[in-house]
Amino acid sequence: MFRQRTLDNGVEVVSLALPTSPVVAVRAEVGVGSACEASDTSGYAHLLEHVLVRADDLGVFGSGHVGDAWTSKNTTAYTITALRSEALDAARAILNTITTCRINDATLRQELTAINHERAERTANPFWRIRERLCRALWTGGPYARPILGDPDVLRNATLDDLRGFHAYWYVPANITLYVIGDTSSHDIAEAMSSTCAANAAPAPPQPPVPAINDFPITVREPLSGGRAAFAIGFAHNPPTACAADTAALTWRVLRATTGIDVHQLVAGCAAATWLTVIGSAEEQRPTGWVRTICDALQLAETALRTDRDTADRLVSAARIRELRQQERLESLSGHIADRWRIDRSLDAPTAHFLRLNRVGPHAIADGLSRLSDSFSQAPSVDRSPDTSPHRDAS
Ligand SMILES: [Zn+2]
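Fair warning: this is a prediction, and the values are worked out from it, not measured in the lab. (Residues numbered from 1 in each chain as written. Predicted model: local features only at pLDDT ≥ 70, side-chain atom pairs only at ≥ 80, totals over all residues.)

Colleague: Before we go on, may I ask you to explain the overall build of the protein in this structure?
Modeller: Scanning the protein from terminus to terminus reveals twelve helices and eleven strands. Every one of the 395 residues in the protein was classed for burial, and the buried ones make up 41%. Pairs at least 24 apart in sequence give 80% of the contacts found in the protein among residues at least 6 apart. (Helix = DSSP H or I, 4+ residues; strand = E, 2+ residues; numbered from the N terminus. Buried ≥ 20, exposed ≤ 12 C-beta atoms within 10 Å, placed from the backbone. Contact = placed C-beta atoms within 7 Å.)

Below, the structure written as structure tokens:
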């Protein structure tokens, strides 16, 4: 059962009690990412994540459990998995690290170098390049088009004072959500966290505006080694509801199992994009050939789900079992819960739905994806997963 509380100091705490779990996953999310930056602060959210973690050595905590952190379009997340007995210390450590801006020049320089390496590593990956090119094209000119790694020139000139200013604006308690998942029965997390960071009545800064949705798909192609190429076709759309996102994720697992095609979805606040990636011969240059391949694959997966009960049973069970196994890992579960919590909160209108993809009308791929999702929902052995959807038990 979820508990959700907003502490006196403004931090929102979401906890899920799993009494038999020997470890506790603690995750703090700050509502800031690359879409929140301006052109003169491009890359600050990611840089700040690096320097805050380094400043407090959050990487190694307590009995040696490793912390992690990452930045997305609209969130920066910090996590620690700790022994049950260290849950409170872990939660305090994270909150302390992110609300106190203990940064110095040596750390800043070190992390700028680390980010340069990260940039080189990521841009060498064709699937990262596909993702970046799609985001740029799908949300042209808007905040969601901004790269998470930022503008190298802006970063090179960033000063400690610039970062402190960015921190003071975005890292206010009202913009922080703390997730604590595991056996928390012997602690009152909210009580313990209330005194951890000073109250600050500043409201959460406004989130980036809703992007305009292109009604047309974007295609990109990246060469791979060995005479192969990766082709992707992407759509921008309204964010899915948490339930639709869950069904879609399972459906795509079926698609991958039957055809080898990967579907990716990026949901950031009020923006969402879905893209399919297929790998084939580099000799295929025209998008129409690749699109045909994808349409045929969607048809194949849909037929497998609709026509043969045994096959459908097997595919749906395999997708479901993988899901359940992931949920057994506490870190995955906390990520899943945080994603769903964020998605549900960002949806103003209950009508917003993944099937809005239908709007792209003549495009067979969008229709095929929607139909495939329907087939999955109607397949015989789909049952409801254990209840990890975020019901608010406000207290
Ligand atoms: Zn990084």
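Colleague: Just checking my understanding: could you explain the sheet that holds strand E9 (residues 228-237) for this structure?
Modeller: The strands that make up a sheet are held in pairs by hydrogen bonds between backbone atoms, and each pair lies either parallel or antiparallel. The antiparallel open sheet is built from four strands, whose spatial order is E8-E9-E11-E10. The sheet is open, and its two edges are formed by strand E8 (218-223) and strand E10 (262-268), each paired on a single side. Strand-to-strand twist of the sheet, defined as the mean angle between neighbouring strand axes without regard to direction, takes the value 20°. This element, helix H4 (residues 126-138), spans E8, E9 and strand E11 (271-281) of the sheet and lies at about 155° to E8. (Pairing = 2+ DSSP bridges. Axes fitted to C-alpha atoms, helices over the stretch in contact; angles between N-to-C directions.)

Colleague: Help me out: how do you make sense of the pairing of E9 in this one?
Modeller: Within a regular strand, side chains alternate between the sheet's two faces. By the criterion of burial, E9 is predominantly enclosed, with eight of the ten residues buried. The pairing of E8 with E9 spans six bridges and is antiparallel. For Thr219, the partnering residue across the bridge sits in E9 and is Ile233. Between E8 and E9, which pair antiparallel and follow one another directly, the connecting turn spans four residues, one of which, Gly226, has a positive phi of 70°. The sheet contact formed by E9 and E11 spans ten bridges and is antiparallel. The residue bridging His237 from the neighbouring strand is Ala272, located in E11.

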